[in-house]
Amino acid sequence: MATNSTRKLKDLKKVKKYSSIWEAVNRYGDKEYIVIFTYKGVRFGQKNFTKLFDCQNAKQTNDQLVIVKHRIDNNEDPFTTTTNKIKDLVIEYLETRNADYKRNSTFTYYKWIDPVIGHKYIERVTEKDILKIKQNMIDNVVDGKPKPISESTMKKIKNILSPIFKKAHILGLIRVNVLLLVPMGRHLTKPRLQERLNGTILENAHKIRKAILTIKEDKNDEEYKAIFLISSMCARRLGEILSIKYEDIIDGIVHTRGETTKTYKEQGSNVVERYPLPKEVLDIIKPTKEKTGEVFTHRSRSCMDIYASMIDKQANLDLKPKGKEYPIRTHDNRHFMISLCAEDFGKDNVGTLALSHSDKSNMNDVYLTVEYERVEKLYNYYWKLLRGEK
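The structure contained in this document is the topic of the report that follows. From a predicted model like this one, the values you see are computed outputs, not experimental measurements.

Considering the overall build of the protein
Line of reasoning, step 1. Counting its regular elements, the protein contains 17 helices and nine strands.
Line of reasoning, step 2. Computed over its C-alpha atoms, the radius of gyration of the protein comes to 28 Å, more than 25% above the 21 Å expected for a compact globule of 390 residues.
Line of reasoning, step 3. Principal axes of the C-alpha set define a box for the protein whose edges measure 90 × 50 × 45 Å.
Line of reasoning, step 4. The buried share of the protein, reckoned over its 390 residues, is 45%.
Line of reasoning, step 5. Of the contacts made within the protein by residues no fewer than 6 positions apart, 61% connect residues no fewer than 24 positions apart.
Line of reasoning, step 6. Counting only carbon and sulfur atoms, one obtains 51% of the accessible surface of the protein, whose full area is about 22000 Å².
Line of reasoning, step 7. The averaged location of the 52 negative side-chain charges in the protein is 7 Å from the averaged location of its 71 positive side-chain charges.

Concerning the state of the cysteines
Any covalent bond linking the sulfur atoms of two cysteines counts as a disulfide.
Line of reasoning, step 1. What the rule picks out here adds up to zero disulfides.
Line of reasoning, step 2. Its sulfur unpaired, C303 is 15 Å from the next cysteine sulfur, which belongs to C234.
Line of reasoning, step 3. Owing to a relative accessible area of 0%, C303 belongs among the buried residues under this scheme.

Observations regarding the packing of aromatic side chains
Line of reasoning, step 1. According to the stated counting rule, one finds nine aromatic pairs in the structure shown.
Line of reasoning, step 2. Seen from their ring centres, F53 and Y121 are 6.5 Å apart, and the 70 degrees between their planes marks the pair as edge-to-face. Taken together, the residues span a long stretch of sequence, with F53 in helix α1 (residues 49-53) and Y121 in the loop between α4 (99-117) and α5 (127-138) at a distance of 68 residues. Pair check on accessibility: F53 and Y121 agree, each one buried.
Line of reasoning, step 3. For the ring pair F345 and Y381, a centre distance of 5.2 Å and an interplane angle of 65 degrees mean the geometry is edge-to-face. With F345 in helix α14 (residues 332-345) and Y381 in helix α17 (residues 372-387), this pair connects stretches of sequence that are 36 residues apart. An identical accessibility class is assigned to F345 and Y381; each is buried.
Line of reasoning, step 4. The rings of F49, F53 and Y121 are connected pair by pair, giving a single aromatic cluster.

As for the pattern of salt bridges
Line of reasoning, step 1. Summed over all chains, the structure comprises 18 salt bridges.
Line of reasoning, step 2. Measuring nitrogen to oxygen at the nearest pair gives 3.2 Å for the salt bridge that ties E222 to K225. Of this pair, E222 and K225 both sit in helix α9 (residues 219-234), three residues apart, which is roughly one turn of the helix.
Line of reasoning, step 3. A relative accessible area of 5% means that K225 is categorised as buried.
Line of reasoning, step 4. Residues D248 and R257 are paired through a salt bridge, measuring 3.0 Å at the closest nitrogen-oxygen approach.

Things to note about unusual backbone geometry
Leaving glycine aside, a negative phi is the common case for residues, and trans is the common case for peptide bonds.
Line of reasoning, step 1. Its identity as a non-glycine residue notwithstanding, A235 has a phi of 60 degrees, on the positive side.
Line of reasoning, step 2. Secondary-structure assignment places A235 in the loop between α9 and α10 (238-241).
Line of reasoning, step 3. The phi torsion at K286 lies on the positive side, around 45 degrees, for a residue other than glycine.

Some remarks on the side chain of E32
Line of reasoning, step 1. By the element assignment, E32 lies in strand β3 (residues 31-39).
Line of reasoning, step 2. A polar atom in the side chain of E32 sits 2.8 Å from the side chain of N48.

Section: the packing of helix α8 (residues 201-213) against α17
Line of reasoning, step 1. Contact pair α8 / α17: the axes reach a minimum separation of 9 Å and the direction vectors enclose 80 degrees. Compared by their axis directions, α8 and α17 come out roughly perpendicular. Contacts from L202, A205, H206 and R209 in α8 reach L385, L386 and R387 in α17.
Line of reasoning, step 2. Residues of the contact of α8 with α17, tallied by class, amount to four nonpolar, one polar and two charged.

Comments concerning the environment of I157
Line of reasoning, step 1. Its location among the elements puts I157 in helix α6 (residues 151-171).
Line of reasoning, step 2. Under the relative-accessibility criterion, I157 is labelled buried at 1%.
Line of reasoning, step 3. Sequence separation of I157 and Y381 is 224 residues, and the distance between their C-alpha atoms is 42 Å.
Line of reasoning, step 4. Ignoring any residue separated from it by four or fewer positions in sequence, one finds I157 in contact with T108, W112, I113, I133, M137 and M184.

Quick word on the packing of α14 against helix α15 (residues 347-354)
Line of reasoning, step 1. Interhelical geometry of α14 versus α15 gives an angle of 120 degrees and a closest axis separation of 7 Å. On the basis of their axis angle, the class for α14 and α15 is oblique. Note on packing geometry: the crossing formed by α14 with α15 is right-handed. Between α14 and α15, the contacting residues are M337, I338, C341, A342 and F345 on the first element and K347, N349, V350 and A354 on the second.
Line of reasoning, step 2. Here the residues of the contact of α14 with α15 sort into seven nonpolar, one polar and one charged.

About the cut-offs
- Residues numbered from 1 in each chain as written.
- Predicted model: local features only at pLDDT ≥ 70, side-chain atom pairs only at ≥ 80, totals over all residues.
- Heavy atoms only, no water.
- Helix = DSSP H or I, 4+ residues; strand = E, 2+ residues; numbered from the N terminus.
- Rg over C-alpha atoms; globule rule 2.2 N^0.38 Å.
- Buried < 20%, exposed > 50% of the residue type's maximum accessible area, 1.4 Å probe, protein only.
- Contact = heavy atoms within 4.5 Å.
- Areas by Shrake-Rupley, 256 points an atom, 1.4 Å probe, with all protein chains shown as cover.
- Lys, Arg positive; Asp, Glu negative; His and termini not counted.
- Charge placed at Lys NZ, Arg CZ, Asp CG, Glu CD.
- Disulfide = S-S within 2.5 Å.
- Phe/Tyr/Trp six-rings, centres within 6.5 Å; stacked < 30°, edge-to-face > 60°.
- Salt bridge = Lys/Arg side-chain N within 4 Å of Asp/Glu carboxyl O.
- Polar contact = N/O pair within 3.5 Å; in protein donor to acceptor, adjacent residues only side chain to side chain.
- Axes fitted to C-alpha atoms, helices over the stretch in contact; angles between N-to-C directions.
- Parallel < 35°, antiparallel > 145°, perpendicular 65-115°, else oblique.
- Nonpolar A, V, L, I, M, F, W, Y, C, P; charged D, E, K, R; others polar.
- Left-handed = near helix turned anticlockwise from the far one by under 90°.

The structure is reproduced here in structure tokens:
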């Protein structure tokens, strides 16, 4: 390998503190750190740790040598450099995630992470590097005006990097998980609907329904209409809606596979819940036994953007100041349902019957089988409210 061309020993300067490390100067006048060592009876000739691992001083070189020996202990190629650069690790990790998460996270990665540490090997990333990413987000400027990135977006940085750094720590590639040293972002709970909207909850639900029903009648927009109607009238999570297959719909009832939910993902392809689709949706998607595969072709990012635009420009919601700070989005349809049905059905019952809420303190989510008649009764009640029939 060209990166390890052998130098004459007279051209190397011994580093006093470390017996296996030597300094060299390349043709550009830059220092490079060469390692010559014997481990487990095997002698390793000159290895240029500056070119192999981006080591910029003797201490970094010695730390990397510890990692190299650890790899030898585990029967690994100690000089592989293609899998521990941050960029390589992030790309490898995102390949294991769904298309929407990969797309959104890739944008976040190249915007904020790559410029600071993308070129670095994970063992070279420091607390100072993570602080720099955070400060860049705080110092963000749009159109010449300061616009700090939100806490929830900052949290995405940790969501992307955490699995990579945890794995590296377990494997012994890094001694300290520097991500844990830097608080970055937090999940902010939105204020209740009453704190964001003027008027009654039902009045605002009617405005959203009207905006959905007036979406243009072409094939592309009809699909958005069906997605938003399921979100509004069935209060299901967007990712779950977009995973519905025609095979899941039997006699107008969605048989929900565990793998499509947030709560029961470990149940795989087993059916964990059933809920009815309203006539407004069935008239659009027209499910038949002959149709197969996913019902919807749109992905979550485009759905969220279109829904946000519809709410902001067409729904004519009367927003309180908090409503402008925390705008109404698809997930709020779950809050509309529980707010409007809790009095008659009980908050916990609505959560269990329609919202995939589980009691983590016991095994109810495993052993409780919900009778479909109860689910149907709740939805029929809610639909009548939304249609103005009650």
